[in-house]
Every structure is written in structure tokens, then in C-alpha cells.
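# Structure at a glance
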Amino acid sequence: MGPAVAERLGLPFIDRAIPETVAGEIGCTLEEALAHDGRAERGIGRILSGAARLPNVALGAMEVYLPDRTVVPPEEFVGHTEKLITRTADGGGGVLLGRAAAVVLADRPDALHVRLDGPRERRLALAASEMPGPAVRSRAPGRDVERMLDDNDRARTAYVKHFYGADPADPRLYHLVIDTTRLPAPAAADLIVTAARAC
């Protein structure tokens, strides 16, 4: 959805570029920092480390030696992420995926905040239908799909709650909440593009 909306609006799609750019600015990836942080397997460190392995969250790559420092606090990574989000908005905009951008850019009148959601059961069925393998043939979500969806939801929620004290499911954070389990992707993209052009 994000790349399609970005293309139609003539804007860059910013997802994986955020952690790569931030990692370059602080000299490591998030997982590198967490691998050298004693908290990596507890609390928010564990959550962020898990989030880094999720396909939709994509926070970095793992296992590289840090020569100059042994710990990069998650707060430093988040602070640099916020600066990159703000620079993107100041520099003409883009379509940003996640990273609590709805909270970071909450006061900007030129930012449209959209949440794509739907009931868990239908999200599972939709995810199963889009994944290769036996789940597609049966259209029934397997344990892997269920685990991926739950881990993804948990990591996103934990990130926003820990660093911003907000619930990412709170509809007050968004201008538009779309049930993408009911609307086909092209129709949802049309809604987003129309709303963005109206801002």
C-alpha cells in the first residue's frame, strides 16, 4: 500500500531507508547496538530486537562489531529516527511507514496520518492468502502467519507505548482509519491519495 500511494503522489516511500540512514548517522545498526547491550534480551531491548526481524517493521541487520562503543541506547536510535522523520516532512514530504510518525508529526498541519487495520481474524486470513505455501491453498492462517501477525502487532504497540506513552490503535492519532480487510488495496489507496491531496 505504501509504495503505491507514494508513487501516485510522486513522493518517496520511506520505510527501510529510516533505519539504514539512522544507523549511518550513529555508526551502527539497531541490532548491533542491542547485541552489545546487556538489556538486549529483556524489556524494550528484546522488543526492538524482535521488531528488527519483522518484515513490516524492518529495523536493521545484526551481528557487527562496534569498535568505538559497546552500547547504543535505543533512545538514541529513536531520537535520530525522529529527526529523519522531521527532515523528511520539512524536505517536501514522503510516505512514511510506522516508526510512530503519527505521533512524531502530530502537530504538523501538512501531514496526513493513516492507520490500516481490521479485525484480527480477517487480517490473519488476508495474510495467509498473500503468503506462499500451504496457507494459500487452504486460505486458513497457519501458526507461522499467526505468530508473525501477533509479533508484528506487539512490537509496534510496545515501541509506541514505550517511547511515546501512546497507543498506536488510538483512532485520535489518525485522520483516516481504513479497514483493509474489507476494502481492496486499490480502493484504500484511492482514499489515501484523495485525502492527502485535500490536505
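Residues numbered from 1 in each chain as written. Predicted model: local features only at pLDDT ≥ 70, side-chain atom pairs only at ≥ 80, totals over all residues. Heavy atoms only, no water.

Turning our eyes to something else, we now look at the nonpolar core. Ranked by size, the top nonpolar core spans eight residues in total: V5, A6, V95, I178, A188, A189, I192 and V193. Only α1 (2–9) and α10 (185–198) provide two or more residues apiece to this core. No other element matches α10, which puts four residues into this core. Sequence-distant contacts of V95, that is, excluding residues within four places in its chain, are made with G2, V5, A6, L11, P12, F13 and I14. (Core = buried A, V, L, I, M, F, W, Y, C linked by side-chain atoms within 4.5 Å. Buried < 20%, exposed > 50% of the residue type's maximum accessible area, 1.4 Å probe, protein only. Helix = DSSP H or I, 4+ residues; strand = E, 2+ residues; numbered from the N terminus. Contact = heavy atoms within 4.5 Å.)

This brings us to the confidence of the model for the chain. Averaged over all residues, the pLDDT of the chain equals 77, while 69% of them reach at least 70. Throughout residues 33–42 the model reports pLDDT below 50, and contacts reaching past four residues in sequence, or to other chains, amount to 26 contacts. (pLDDT = per-residue confidence, 0-100.)

What follows covers helix α9 (residues 143–164). Residues spaced three or four apart along an α-helix point in a common direction, a consequence of the helix completing one turn every 3.6 residues. Here α9 spans 31 Å end to end across 22 residues, near enough to the 32 Å set by a 1.5 Å rise per residue. All of the buried residues along α9 are V145, L149, N152, A155, A158, Y159, V160 and F163. A positive backbone phi angle near 60 degrees is found at G165, which sits one or two residues after α9. (Expected span 1.5 Å × (residues − 1).)

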